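Survey of secondary and tertiary structure
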Amino acid sequence: MRTSLPTKIALWALAVVVSAWLVFPSIIVIPLSFTDKASLVFPPSGWSPRWYERFFSNPAWTMALGNSLLIGLLVAVLATILGTLAAFSLRALRNRSLANALKLGLLAPMIMPGIIIAIGLYALFLKLGWVGTLHGFVFAHTVLALPFTVIAITVGLAGFDAQLEQAALSLGANPLSTFFWVTLPNVLPSMISGALFAFVTSFDEVLLSLFIKSPYLNTLPVLMYSSVTRNTDPTLAAAATLIMVITTVLVITGLILSGRKKHASVL
Amino acid sequence: MPASSNRGAEIYLDGVTKRYPTSLALDDITLHVRAGEFLTLLGPSGSGKTTLLNLIAGFIELTAGSIHLDGRRINDVPVHKRGLGIVFQHYALFPHLTVSDNIAFPLTRRKMPKEQIRELVNAELATAGLSGYGKRFPRELSGGQQQRVALARALVFKPEVLLLDEPLGALDKNLRERLQLEIRRIHREVGRTFVFVTHDQEEALTLSDRIAVFNEGRIEQVGTAQELYERPVSLFVAEFIGESTVVPETTGDMAWVIRPEKAKLLEPHSEVPGGCLTADVMIQQSVYLGSGWKHEIVLPDNTTGVVRSDRIPDSLHGVNIPAQLTWHPSEVTRVSAPKRT
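Within each chain, residue numbers correspond to sequence positions counted from 1 in written order. Labels follow written order: the first chain is A, the first ligand is 1, and so on. In keeping with the model being predicted, local features are shown solely for residues with a pLDDT of at least 70 and side-chain atom pairs are shown and tallied solely at 80 or more, while totals for entire chains, interfaces and linings include all residues. Excluding hydrogens and water, the side-chain values take into account all heavy atoms of the structure.

Below, the discussion takes up the UniProt feature "domain: ABC transmembrane type-1" (unreviewed entry) in chain A. UniProt positions are given in the numbering used here, feature names are shortened, and annotations may be inferred rather than shown by experiment. Mapped onto this numbering, the UniProt entry annotates "domain: ABC transmembrane type-1" (unreviewed entry) at residues 65-254 of chain A. Split by type, residues 65-254 of chain A is 83% helix and 0% strand. Its first and last C-alpha atoms lie 22 Å apart. We count a stretch as a helix when DSSP gives it H or I for four or more residues in a row; a strand needs E for two or more, and each element gets its number in order from the N terminus.

Moving on, we come to empty space enclosed by the protein. Cavities and pockets were defined on a 1 Å grid built over protein atoms only: a cavity is a set of grid points that admits a 1.4 Å probe from which the probe cannot escape, a pocket is an open set flanked by protein on both sides within 12 Å along at least five of seven lines, and lining residues are those with an atom within 4 Å of any such point. Grid points are joined across faces, edges and corners, and a volume is the space filled by probe spheres set on the points. Applying the stated rule across the entire model yields one cavity of 30 Å³ or more. Computed from the structure, the largest cavity encloses a volume of approximately 40 Å³. Considering the residues around the largest cavity, the lining is formed by Gln163 of chain A together with Leu53, Asn54, Ala57, Phe59, Ile86, Phe88 and Asp165 of chain B. Broken down by element, the residue count for the lining of the largest cavity peaks at three residues, all from helix α1 (residues 49-57) of chain B. When residue character is reported, Ala, Val, Leu, Ile, Met, Phe, Trp, Tyr, Cys and Pro are called nonpolar, Asp, Glu, Lys and Arg charged, and the others, Gly included, polar. For the lining of the largest cavity, a count of residues per class yields five nonpolar, two polar and one charged.

So, on to the domain arrangement of chain B. Residue and element names in this part refer to chain B. Throughout the structure description, domain borders are defined by an automatic or database domain assignment. Its domain assignment divides chain B into domain 1 (11-235) and domain 2 (246-336). When each unit is reduced to the centre of its C-alpha atoms, the spacing between domain 1 and domain 2 is 40 Å. The term buried area refers to how much accessible surface (probe radius 1.4 Å) is lost by two components on association, counted for both of them together. Together, the buried faces of domain 1 and domain 2 total about 690 Å²; carbon and sulfur atoms form 53% of this surface. Looking at the side of domain 1 facing domain 2, the largest losses of area belong to Tyr229, Arg231 and Leu235, adding up to 68% of the total buried there. The term salt bridge refers to a pairing of a side-chain nitrogen on Lys or Arg with a carboxyl oxygen on Asp or Glu at a separation within 4 Å. The tally of links between domain 1 and domain 2 comes to zero salt bridges.

Residues and elements named next belong to chain B. The residue Asp70 is not glycine, and still its phi comes out positive at about 50 degrees. One can find Asp70 in the loop between β4 (64-69) and β5 (72-73). Classification of Asp70 as partly exposed rests on a relative accessible area of 34%. Even without glycine at this site, Lys111 takes up a positive phi of about 55 degrees. By the secondary structure assignment, Lys111 is in the loop between α3 (99-109) and α4 (114-127). A 1.4 Å probe rolled over the protein chains alone gives each residue an accessible area, and that area as a share of the maximum for its type sets the label: buried under 20%, exposed over 50%, partly exposed in between.

Below, the discussion takes up the sheet that holds strand β8 (residues 193-198) of chain B. Residues and elements named next belong to chain B. Strand order in the open sheet made by the six strands is β6-β7-β8-β3-β9-β10, with mixed pairing throughout. Strands with a single pairing partner mark the edges of an open sheet, and in this sheet they are β6 (85-87) and β10 (218-223). Here the average twist between neighbouring strands, direction ignored, is 15 degrees. Strands were regarded as paired on the criterion that DSSP finds at least two bridges between them. Examined bridge by bridge, strand β3 (residues 38-42) and β8 share five bridges and lie parallel to one another. When the bridges of β8 are listed, Leu42 appears paired with Thr198. Contacts were defined at the residue level, with two residues in contact if any of their heavy atoms lie within 4.5 Å. Here an angle of 0 to 180 degrees is reported between the N-to-C directions of two axes, which are lines fitted to C-alpha atoms, with helices fitted over the stretch in contact. Across the sheet, helix α6 (residues 173-190) touches β3, β7 (161-165) and β8, and the angle it forms with β8 is around 160 degrees.

Shown next, in the form of structure tokens:
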């Protein structure tokens, strides 16, 4: 069916409005971060990179950025290892209803309201003395990131032809070499995409982090949140822009990787 | 690991049974696959032929019975130590490896020197008519080319037995026929034991030294194509392989299986040659095929049959003509056939 020209124009206009509505609040921090004024007034009257200079010359901001990157990296590694083990075990389980129940349990942190996890973890961490510790942050963020790696790797495995493993065995590869030479290379793109999502989940996490932070260990989103309640200088916009650029690049990379995996499995 | 002798191994299956929680996939199979022969497991889907292949390969475990390879019991030998070559219906080429690396895979696992691997891979590529395709990836090849690579990969390490699981099932008719001849030639050249699974009776007749006909988890008959065609032991075999007319005896549970060229059509009430048996039939239609006529007939019990002849009396030409079907008992077989309901 051909769409008439007026309908086409109307649909395009609607699409543009909705896109703008979705993206505009995020995009607006970019010009704000380059303002020459000391307040978050939009539109800016002049341009200056001074808020980026201030961001990178203030040890509080750079420490928080460093913490976020370090925690994100550790979470990505941990969640990917655990997610891989979980996805492979779920595939190997003969009892499918048990496998589905376990999968639901693994995905629970995605459905559970964040505030409930936050309060639960806070109570637990107080008892363990993990509040404000690096391993505390990594543990807490991994809980939130694990569903993403489990999903990504499960999808990757679903597109993986198990007969390739039979072929490898028949050609003389033992089960361990079959895993490393045949299974892993074919699931790697989904593992990487899972790792990227895990990193991003940790990198922009605020809610849990607010509960378990300490004056000595802060992440970037937490510092932004506490600085916005004190003063609103555009350093905040510079930090927000940095987070946005990093997460956007990683998420797009992740999507491309998982998309390519699906495409390859079709062929 | 099997030595690269120039003959295939023999396989003894003794009382092989595979039971699943809700079904009996294979029921007490005893079969001897001779060294170097081309044996086809033929049967409809769900008859157990693929299950048997998977048991020989080691992908699934036996419920009962034993499998011997050249006198060595292999029931508990894991797949990667059985040293059998396997060709899958959907090729199962490694998508992340090039064609050359796919063929080199079994040699690399056997820690063969690189130089030797390169020589063997190139030789296999040349045999498969794929020289120059070594650096491509499997997805860049056609289905037929991919299956040639899979064959090369399964043969490069000189296994004594090659198991083929409906390897031509995913290909179109022309290509299938070309590859049938190619597989036949490879079998002659390498002299290994081939066990081939298919549900296509024509393919089985074209390729095999012997055929094992499967039905509901059991082997109905094992024999050469000629034996199965001329002396089927059961109605199932008779109907699965080739065309035939089945005429039930008036008393008892036996029936005559009459191949199309072993029957004659006569005018009703005409004289029957000595020693021949007859049945009243109706000729539905006759088709001229150049080499002769093909007549589709209906029996009184409403089953249909086929008769081939050089020529028939003019009075029998037409549609729905009554006639006499005659045959000589020595030229046809009698099988057990419980009355149909």
